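# A closer look at the structure
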Amino acid sequence: MNKKLLAQVALILLFFIVIFSFTKIYNKNDNKNFNSEIDKKTQKIEEDVKKNKNGTIEGLEYLSKDVSGNIYNIKAQSGIIDEENSDLIYLINVKAELKFDNNKVIYVSSNKAIYNNYNYDTVFSGNVILDYDVHKIYCERIDAKFSENLAVISNDIIYENLTTKLFADQMEIDLLLRNTEISMFNKKNKIKIIHKNNGTN
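Residues numbered from 1 in each chain as written. Predicted model: local features only at pLDDT ≥ 70, side-chain atom pairs only at ≥ 80, totals over all residues. Heavy atoms only, no water.

## Here's the deal with the overall build of the protein
Looking only at helices and strands, one finds three helices and 10 strands in the protein. When the helices and strands of the protein are placed in sequence order, the string is α-α-α-β-β-β-β-β-β-β-β-β-β. Looking at the protein residue by residue over its 201 residues, the buried ones come to 46%. For the protein, the exposed surface amounts to about 11500 Å²; the carbon and sulfur share of it is 47%. (Helix = DSSP H or I, 4+ residues; strand = E, 2+ residues; numbered from the N terminus. Buried < 20%, exposed > 50% of the residue type's maximum accessible area, 1.4 Å probe, protein only. Areas by Shrake-Rupley, 256 points an atom, 1.4 Å probe, with all protein chains shown as cover.)

So, in structure tokens, the structure goes:
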């Protein structure tokens, strides 16, 4: 990929940095372990909902606002508080919004999430869609680590706007230095970029 094109993609990705301004790189095995953990937790939520078991909360919503006036709102169909850490809430059927600059909104939806009620760190997983203006990202996981000023978008990434479509395994954003690194888990594989003609392939 030539440097000019990489620079253009990096600039576009800066739009998404505001998602994580509200407040290590993961390898494939880490993702598998995490997905296994969240699958077990959220499967328990689904079973508890069916049984109407105590501890399962339906219609969850958390709203936070930072000193700059940015608003982070996350909603879920149902969830359950972690038995070992009451700051962690496991959620299913999740929708989140970040409102910034008064009239701009970024939307994120996913099958599942883990939300930290203390520091707002959120891990979205399963059919994750991030939507902002003409920019859209499809992936399997987004780690919004506000507490570490780090955002990691990973697993089967498809990024697209009106003129470009990009395929990669991971995008890592350092929120302090504002550096973006796009990579593949297998270094032998290459990032794929398709230029659209008049908005179509």
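And the narrative resumes.
## Topic: the pairing of strand β8 (residues 164-174)
Of all the 11 residues making up β8, nine are buried; the element is thus mostly covered by neighbouring parts of the structure. Strand direction decides the pairing type here: strand β7 (residues 150-160) and β8, joined by nine bridges, are antiparallel. In the strand pairing of β8, Ala151 is matched with Ile173. Hairpin connection between β7 and β8: a loop of three residues separates the two successive antiparallel strands. (Pairing = 2+ DSSP bridges.)

## A few points about the packing of aromatic side chains
Here the structure, examined in full by the defined rule, presents one aromatic pair. Measuring from ring centre to ring centre gives 5.0 Å for Tyr62 and Tyr115, while their planes differ by 35°; the resulting arrangement is tilted. Here the residue Tyr62 occupies a position in strand β1 (residues 56-65), and Tyr115 occupies one in strand β4 (residues 104-116), the gap between them amounting to 53 residues. Using a relative accessible area of 19% as the deciding quantity, one classes Tyr62 as buried. (Phe/Tyr/Trp six-rings, centres within 6.5 Å; stacked < 30°, edge-to-face > 60°.)

## Thoughts on the pattern of salt bridges
Per the stated rule, a full pass over the model turns up three salt bridges. When the shortest N-O distance is used, the salt bridge between Lys136 and Asp131 registers 3.5 Å. Arg141 is paired through a salt bridge with Asp143; the nearest N and O atoms lie 2.6 Å apart. Like Asp143, Arg141 is buried. (Salt bridge = Lys/Arg side-chain N within 4 Å of Asp/Glu carboxyl O.)

## A closer look at the nonpolar core
Formed by 33 residues in total, the largest nonpolar core has its most connected members in Tyr72, Ile74, Leu91, Phe124, Ile137 and Met171. Listing elements by their share of this core, those giving two or more residues are β1, β2 (71-81), β3 (88-100), β4, β5 (122-132), β6 (135-145), β7 and β8. No other element matches the six residues that β3 contributes to this core. In contact with Phe124, not counting residues within four places along its chain, are Tyr72, Ile74, Val94, Ala96, Val108, Ser110, Lys112, Ala113, Glu140, Arg141 and Ile142. (Core = buried A, V, L, I, M, F, W, Y, C linked by side-chain atoms within 4.5 Å. Contact = heavy atoms within 4.5 Å.)

## Thoughts on unusual backbone geometry
Even without being a glycine, Asp133 presents a positive backbone phi close to 55°. By the element assignment, Asp133 lies in the loop between β5 and β6. With relative accessibility at 62%, the residue Asp133 sits in the exposed group. Phi is positive for Asp156, which is not a glycine, with a value near 55°. In this fold, Asp156 is placed in strand β7.

## Digging into the confidence of the model for the protein
Put simply, the protein has an average pLDDT of 77, and 70% of its residues get 70 or more. Element-level mean pLDDT values for the protein span from 42 in helix α2 (residues 17-20) up to 93 in β5. Long-range and interchain partners of residues 14-31, a stretch whose pLDDT sits below 50, account for 54 contacts in this model, where long-range means more than four residues apart. (pLDDT = per-residue confidence, 0-100.)

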